[in-house]
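# Geometric and topological summary
Spelled out, the chains give:
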Amino acid sequence: MIEVLNKEMFYLYNEKISYVIHILPNGHLGHAYFGKKLGTITSEDVRYLTSTESKSAGTVKFSQTIPNFSLHDQYQEVPIYGTSDFKDGTLKVAEGDDSLYLDFQYISHTIKKEKPRNLAVPASFAEDGQVESITFCLEDPFNQLRLEVTYSLFKNRGTIARGQKLTNLGEKKRKLLRFLSGALDMKNQNFEFLHLSGAWLKERHIKRHSLTQGTVSVGSLKGASSHQHNPFVALLPKGSDNQQGEVYAANLIYSGNFLAQTEVDEWNNLRMMLGIHPECFSWELEQNATFETPEMLLHYTSEGLNGLMAETSAFAEKHVIHPKWYRRNRPVVLNNWEATYFDFDHKKLLALAMEGKKIGIDCFVLDDGWFGQRDNDRVSLGDWFEDPRKFPKGIAAFGKDIHELGLQFGLWFEPEMVSPTSELYTKHPEWVVRHTDSSRIAIGRGQYVLDFSNPAVVENIYEQMKKIISSTDLDYIKWDMNRNITQAYSAYLADNQVNQTEFFHRYILGVYRLYEKILSDFPDILIEGCAGGGGRYDLGILFYSPQIWPSDDSDPIERLAIQSGTLLGYPLSSFSNHVSAAPNHQVRRQTSLEMRTNVAMFGPLGYELNLFELSKNELEQIKTDILFYKKYQSLLTFGRFYQLTEVIDQPNEYGWAVFDEESREGLVCFFRILTEANSSNREFIKVPFVRENKRYSLNGENISGNILKKIGIRKPYQFNSVNGEIAQVAGDYQSFVYELQEL
Ligand code: DGJ
């Protein structure tokens, strides 16, 4: 998978992709190619691809010794501003107040064939024999710095993982001012920049716009990957669709501040970069100290957005999420949040859990409000011991009662936060992230952020959680995080003479440390990530928790948009979905139980509503729905997901499908949001994954694969009512399920 050609070209390839690196005339690493696999190539081919007769006009030469050579018009692996390249680069280092002129030259490389999983830092991993990595060692002798750049290629994946590590070899202190995980230089192929952006209650909506000369970026400076933007971005040529088009995408295995940027230059060359946001970041390196970036993934497919989803989701499932959860069905959850909010006690919850058991629930998750004196969201965070008013026999006794029903038991924690009136805060006001001017302490949702850059804080929360987890024999944790960080100041870092610009990264490392400690002690616990809904839906969190509560908006219509965006970068199995009440608690929309179920069954299914407010018929219906879900659970959690309708933000119609290549079985769902008056009765939705020469059972009808693929499933016709009669298909919020089986 990794060949060295003529000692100066490096050919990385697998069954799907090729990546070619070469050494430039100045000794730097140049980029030659990333994309569809090239097959056998020689050094002549690489030379042909990369040779330039002259530098481009108007550029500045790198040095006087290399004729006609400028970095500004070269495709590079480690681009750095100020080296005859005028675009933004991935790395900037200073000594005192002065930025250094960096010049990293190739020294050597090493190839490795293993990439084990290490709980301490989220990164990709693979079983032996499934991966090959090359690390280039580059040095800047003048500045006494070493840069190691690593590329990993995985068997049969259209994905390459990259990261960089800098070591200060000199005696003088150096400061990293910017250190992104990697860059990809290439031609702008009439690309659209696709990103997943939105806000609380409407996270990861699909945004697409054309790229032209200049810089476009998305990012976060909130201390978390954020509700507003996501570290997943993609480039797709205009005109590409679900099935065709060469798509390049990038994602970061990281949960903190990030920057994703594209810059198109005067010759329509494009540079895409991703990594820790350079704003509010710097890192001091003493002699021999190192800093390693989080890993960045680069995905490639020539099969449009459905091809992209196959790559991103297979990669996350196989190489990011813990193998323990690989193809392992998740419990159907009943969460009490929207059923009771803070108003509950042992008796009330147990009754709810018993009702849940009757309809087929597997796991009861007790959300916010079980600890301290938490009757509202302003108090008790940080005091992770049960509220005796609500649990007079203790939380362990409640857990026991849940287990005795034959249900798994889950609990909500918000480990990174503290309430101003909590016991923890009273004891340790210095453990809070805040401004030194006490008249200006920022607060959000009535709470402060704990200083997780301080190991003593992480230790305290870990000890508190550990007690509860062991005493309740806990199966499931919902790990929430409900406010962002502003005024990023740590008293602990100040006491230890560490610059405050290191805070954001150290904070996230502290969060990872807590995950690591808990999962080391309780490896079987299933953690569901959450951050006020989807404020931290990223591969860093998925490394520890195989599923994430994607949004506080549980309305099915809103979820159609959120889920369609999220699944471009993340697997179906990671997207926790709950059927909630109608009218919905966030947007007050009234939808049918059928619609809510049909949306929520894509991914790990759960329920979050007061079962005692449902009719007998509705409870019976849910029981039937859960049986239907269980019949198709593997397909609906791990099947290959397809978009059948155009992937844009908030269309009126969605076609979703899951299909299993081995059993040749699938489910197709068609959703129509608003009804259309007097619509056409001849509309179809193509099914791309069927085989033309086979026949299929489609809800019992025997249909040719040719018809389904080339023409499609006939969309349910909306015949509007005549003389007040109610038509069979009419009204807003329609959903239809098709069971598909190859015959
Ligand atoms: C925000 C979460 O996203 C909700 O599901 C719920 O757990 C609340 N926090 C509880 O405070």
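These numbers were taken from a predicted model, which means no experiment stands behind them.

## Notes on the domain arrangement of the protein
Here the domain parsing of the protein yields domain 1 (2-323) and domain 2 (643-742). Facing the nine residues of domain 1 at the interface are nine residues of domain 2. At the boundary of domain 1 with domain 2, total buried surface from both sides reaches about 690 Å², with 49% on carbon and sulfur atoms. The three residues of domain 1 that bury the most area against domain 2 are His-205, Ile-206 and Asn-242, which together make up 55% of that side's buried surface. Taken together, the links from domain 1 to domain 2 amount to one salt bridge. Measuring nitrogen to oxygen at the nearest pair gives 3.2 Å for the salt bridge that ties Lys-207 to Asp-649. Joining domain 1 to domain 2, the criterion identifies six residue pairs in polar contact (both at pLDDT 80 or more). Of all the elements, strand E13 (residues 202-210) adds the most residues to the side of domain 1 that touches domain 2, at four residues. Along the lines of polarity and charge, the residues of the side of domain 1 that touches domain 2 split into three nonpolar, four polar and two charged.

## Some thoughts on the UniProt feature "domain: Glycosyl hydrolase family 36 N-terminal" (unreviewed entry) in the protein
Per the UniProt record, the feature "domain: Glycosyl hydrolase family 36 N-terminal" (unreviewed entry) sits at residues 27-286. Each end of residues 27-286 is marked by a C-alpha atom, and these two atoms are 26 Å apart; helix forms 3% of the span and strand 47%.

## A word on the pairing of strand E16 (residues 247-252)
The buried count for E16 comes to six of six residues, which makes it a mostly enclosed element. Burial along E16 is two-sided: Val-247, Ala-249 and Asn-251 and Tyr-248, Ala-250 and Leu-252, pointing in opposite directions, are all buried.

## Some words on the sheet that holds strand E24 (residues 408-413)
One key point about sheets: their strands pair by backbone hydrogen bonds, in either a parallel or an antiparallel sense. A sheet is described by the order of its strands in space; here eight strands give the open sequence E29-E28-E27-E24-E23-E22-E31-E30, paired in parallel fashion. If you trace the sheet from one side to the other, it starts and ends with strand E29 (547-548) and strand E30 (577-580), each paired once. Across four bridges, the pairing between E30 and strand E31 (residues 605-608) is parallel. The partner of His-578 across the bridge, within E31, is Gly-606.

## Let's talk about the side chain of Ser-18
Residue position: Ser-18 is located in strand E3 (residues 17-23). Polar side-chain contacts of Ser-18 include one of 3.1 Å to the side chain of Tyr-11.

## Focus: the site of the ligand
Near the ligand, the surroundings consist of 13 residues, among which Asp-367, Asp-368, Lys-478, Asp-480 and Asp-552 are the closest. The separation between an oxygen atom of the ligand and a polar side-chain atom of Arg-445 is 3.0 Å. Between the ligand and Asp-480 there is a distance of 2.7 Å, counted from a nitrogen atom to a side-chain nitrogen or oxygen. In the complex, the protein chains occlude 98% of the 290 Å² of accessible area that the ligand would expose alone. Residue composition of the shell around the ligand, by class: four nonpolar, three polar and six charged.

## Some remarks on the state of the cysteines
Summed over all chains, the structure comprises zero disulfides. Cysteine Cys-530 remains unbridged, with the sulfur of Cys-363 as its closest cysteine sulfur at 15 Å.

## Observations concerning the sheet that holds strand E2 (residues 9-13)
The sheet built from four strands is open, its strands ordered E1-E2-E3-E4 with antiparallel pairing. The open sheet has two edge strands, strand E1 (2-5) and strand E4 (29-36), and neither has a second partner. The mean angle between the axes of side-by-side strands here comes to 15°, regardless of whether they run parallel or antiparallel. Judged from the four bridges that link them, E1 and E2 form a sheet pairing that is antiparallel. Across the sheet, the residue bridging to Val-4 is Phe-10, located in E2. Sheet strands in contact with helix H1 (residues 43-50) are E1, E2, E3 and E4, and its direction is about 100° off that of E4.

## What to know about the side chain of Glu-295
If you trace the backbone, Glu-295 turns up in the loop between strand E20 (290-292) and strand E21 (296-301). Looking at Glu-295, the relative accessible area reads 10%, which means it is buried. Engagement of the side chain of Glu-295 in a polar contact is seen with the side chain of Lys-115, the distance being 2.8 Å. Excluding its chain neighbours within four sequence positions, the residues that come into contact with Glu-295 are Lys-115, Ala-123, Ser-124, Ala-161, Arg-162, Asn-251, Leu-252 and Ile-253.

## Comments concerning unusual backbone geometry
The omega torsion across Ala-582 and Pro-583 is 0°, close enough to zero to call that bond cis. With respect to the helices, strands and loops of the structure, Pro-583 is situated in the loop between E30 and helix H12 (593-600). Look at Asn-156: it is not a glycine, yet its phi comes out positive at around 60°. Along the chain, the position of Asn-156 falls in the loop between strand E9 (145-154) and strand E10 (159-168). At Ser-226, a position not held by glycine, the phi torsion is positive, near 95°. Along the chain, Ser-226 turns up in the loop between strand E14 (214-220) and strand E15 (233-237). On the basis of relative accessible area, Ser-226 is assigned to the buried category, the value being 5%.

## Brief notes about the nonpolar core
Core analysis: the biggest nonpolar cluster contains 191 residues, and Leu-366 and Trp-370 have the highest contact counts within it. Here this core gets ten residues from one element, more than from any other, and that element is helix H9 (residues 503-521). Structurally, this core is a two-domain feature, drawing no fewer than three residues from each of domain 1 (2-323) and domain 2 (643-742). Filtering out sequence-adjacent residues up to four positions away, Trp-370 remains in contact with Phe-344, Trp-384, Phe-385, Glu-386, Asp-387, Phe-391, Ile-395, Leu-411, Trp-412, Phe-413 and Ile-468. Residues Ile-685, Val-687, Leu-698 and Leu-708 belong to the second largest nonpolar core, which totals 19 residues.

## Some words on the packing of helix H2 (residues 304-319) against helix H11 (residues 556-569)
Packing of H2 against H11 leaves a shortest axis separation of 6 Å and a crossing angle of 65°. Touching Leu-305, Leu-308, Met-309 and Thr-312 of H2 are Leu-567, Leu-568 and Gly-569, all from H11. Looking at side-chain class alone, the contact of H2 with H11 contains five nonpolar, two polar and no charged residues.

## Considerations on the environment of Phe-719
With respect to the helices and strands, the residue Phe-719 is situated in the loop between strand E38 (713-714) and strand E39 (734-742). In this structure the C-alpha to C-alpha distance between Phe-719 and Ala-677, which are 42 residues apart in sequence, comes to 8.1 Å.

## Quick word on the packing of aromatic side chains
Any pair of aromatic rings gets described here by the distance separating the centres and the angle formed by the planes. Scanning all chains against the criterion turns up 48 aromatic pairs. Judged by centre distance (6.1 Å) and plane angle (50°), the ring pair of Phe-179 and Phe-291 falls under tilted. On the criterion of sequence distance, the pair formed by Phe-179 in strand E11 (residues 174-187) and Phe-291 in strand E20 is long-range, its members being 112 residues apart. Judged by its relative accessible area of 1%, Phe-179 is buried. For the pair Phe-602 and Phe-641, a centre-to-centre distance of 6.1 Å together with 90° between the ring planes defines the contact as edge-to-face. Within this pair, whereas Phe-602 is found in the loop between H12 and E31, its partner Phe-641 is found in strand E32 (residues 640-643), the two being separated by 39 residues in sequence.

Conventions adopted
- Residues numbered from 1 in each chain as written.
- Predicted model: local features only at pLDDT ≥ 70, side-chain atom pairs only at ≥ 80, totals over all residues.
- Heavy atoms only, no water.
- Domains from an automatic or database assignment.
- Contact = heavy atoms within 4.5 Å.
- Buried area = accessible area lost by both parts, 1.4 Å probe.
- Salt bridge = Lys/Arg side-chain N within 4 Å of Asp/Glu carboxyl O.
- Polar contact = N/O pair within 3.5 Å; in protein donor to acceptor, adjacent residues only side chain to side chain.
- Helix = DSSP H or I, 4+ residues; strand = E, 2+ residues; numbered from the N terminus.
- Nonpolar A, V, L, I, M, F, W, Y, C, P; charged D, E, K, R; others polar.
- UniProt positions renumbered as here; feature names shortened; annotations may be inferred.
- Buried < 20%, exposed > 50% of the residue type's maximum accessible area, 1.4 Å probe, protein only.
- Pairing = 2+ DSSP bridges.
- Near = heavy atom within 4 Å.
- Areas by Shrake-Rupley, 256 points an atom, 1.4 Å probe, with all protein chains shown as cover.
- Disulfide = S-S within 2.5 Å.
- Axes fitted to C-alpha atoms, helices over the stretch in contact; angles between N-to-C directions.
- Core = buried A, V, L, I, M, F, W, Y, C linked by side-chain atoms within 4.5 Å.
- Phe/Tyr/Trp six-rings, centres within 6.5 Å; stacked < 30°, edge-to-face > 60°.

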